[in-house]
Amino acid sequence: MLQVTTDNRGDWYVLWVSGELDLVTSPRVRQHVHDAVAEGRRQLVLDLSAVRFCDSSGVGVLIAARRLLSSCGGEFRLILPDGGSGSTRAYSTGSAAASGAHVNRVLAALGVRRLFAVYADVDDATGGTAEPLSA
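Per chain, residue numbering runs from 1 following the sequence as it is written. Local features in this predicted model are restricted to residues whose pLDDT is 70 or higher, and side-chain atom pairs enter the listing and the counts only when it is 80 or higher, whereas totals over whole chains, interfaces and linings include all residues. Only heavy atoms go into the side-chain values, all of them from the structure, while hydrogens and water stay out.

(A) Inspection of the pairing of strand E2 (residues 12-21) at higher detail. Residue exposure (1.4 Å probe, protein chains only): buried if accessible area is under 20% of the type maximum, exposed if over 50%, otherwise partly exposed. Only DSSP runs of H or I reaching four residues or more are called helices, and only runs of E reaching two or more are called strands; each is numbered from the N terminus. Across the 10 residues that make up E2, a large majority, nine, are buried. Pairing of strand E1 (residues 3-9) with E2 involves seven bridges; the strand directions are antiparallel. Pairing of Arg9 across the sheet is with Trp12, part of E2. We treat two strands as partners when DSSP finds at least two bridges between them. Bridge count between E2 and strand E3 (residues 43-54): eight bridges; the pairing is parallel. Paired with Trp16 across the bridge in E3 is Asp47. By convention a crossover is right-handed if, when the strands point away from the viewer, the path from the first strand over the helix to the second runs clockwise. Crossover connection from E2 via helix H1 (residues 26-38) to parallel E3: handedness right-handed.

Okay, structure coming up:
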């Protein structure tokens, strides 16, 4: 089961995604991204630290979201903790750090991790002072 919640953090629109990002659920995330852009939002953060599974269709949604935001002069950032850093939001779906690390490994294995500005948590991604994590 996939859950998506949203919030505004200053100029940034944050989508918190939890559960599994796969062929069945990825269209929901894609629709949330498209809706945000249609509403005029140009700075988007996807917090995937509570996504416990991501397949190639989920990766496709991330790449398409990056491309969409880039095409309209926006910014797209991901939250994917490497390990023990966790998320700024509590989930009932298990360890946020372990989940985020899974998605991070999938992106790295496919060779697309370097395409994204990745941060450890929402505060870093929306605060404007932290640098993205290295690929």
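Now, onward.
(B) A look at the nonpolar core. Counting 29 residues, the largest nonpolar core has Leu44, Leu46, Leu48, Leu78 and Leu107 as the members making the most contacts within it. Non-local contacts of Leu78, meaning those with residues more than four positions away in its chain, are made with Leu46, Leu48, Leu62, Leu107, Phe116, Ala117, Val118 and Tyr119. Residues grouped as a nonpolar core are buried Ala, Val, Leu, Ile, Met, Phe, Trp, Tyr and Cys residues, joined through side-chain atoms within 4.5 Å. Listed in part, the eight residues of the second largest apolar core include Trp12, Trp16, Ile79 and Val122. In what follows, a contact means two residues having at least one pair of non-hydrogen atoms within 4.5 Å.

(C) The arrangement of the packing of H1 against helix H2 (residues 56-71) in detail. Lines fitted to the C-alpha atoms define the axes, with helices restricted to the stretch that makes contact. Angles between their N-to-C directions range from 0 to 180 degrees. Where H1 meets H2, the axes come as close as 9 Å, and the angle between the chain directions of the two elements is 10 degrees. By the angle class used here, H1 and H2 are roughly parallel. On the side of H1, the interface is formed by Ser26, Val29, Arg30, Val33, His34 and Val37, while H2 contributes Ser57, Gly58, Val61, Ala64, Ala65, Leu68 and Leu69. Each angle gets one of four labels, with under 35 degrees taken as roughly parallel, over 145 as roughly antiparallel, 65 to 115 as roughly perpendicular, and the rest as oblique.

(D) Up close: the side chain of Asp22. By the element assignment, Asp22 lies in the loop between E2 and H1. Here Asp22 is buried and forms no salt bridge, its nearest opposite-charge partner Arg52 lying at an N-O distance of 8.8 Å. This count recognises Lys and Arg as positive and Asp and Glu as negative, with His and chain-terminal groups excluded. Each salt bridge in this description consists of a side-chain nitrogen of Lys or Arg and a carboxyl oxygen of Asp or Glu lying within 4 Å of one another.

(E) Structural view of H1. To estimate how far a helix should reach, multiply one less than its number of residues by 1.5 Å. Taking 1.5 Å as the rise per residue, H1 with 13 residues should run 18 Å; its terminal C-alpha atoms sit 18 Å apart, in good agreement. For H1, every residue scored as buried is listed here: Ser26, Val29, Val33, Ala36 and Val37. With its buried residues spanning 100 degrees around the axis, H1 presents them on a single face. Looking at the packing, one finds that the buried side of H1 touches E1, E2, E3 and H2. Arc definition: it is the arc formed by the directions from the helix axis to the C-beta atoms.

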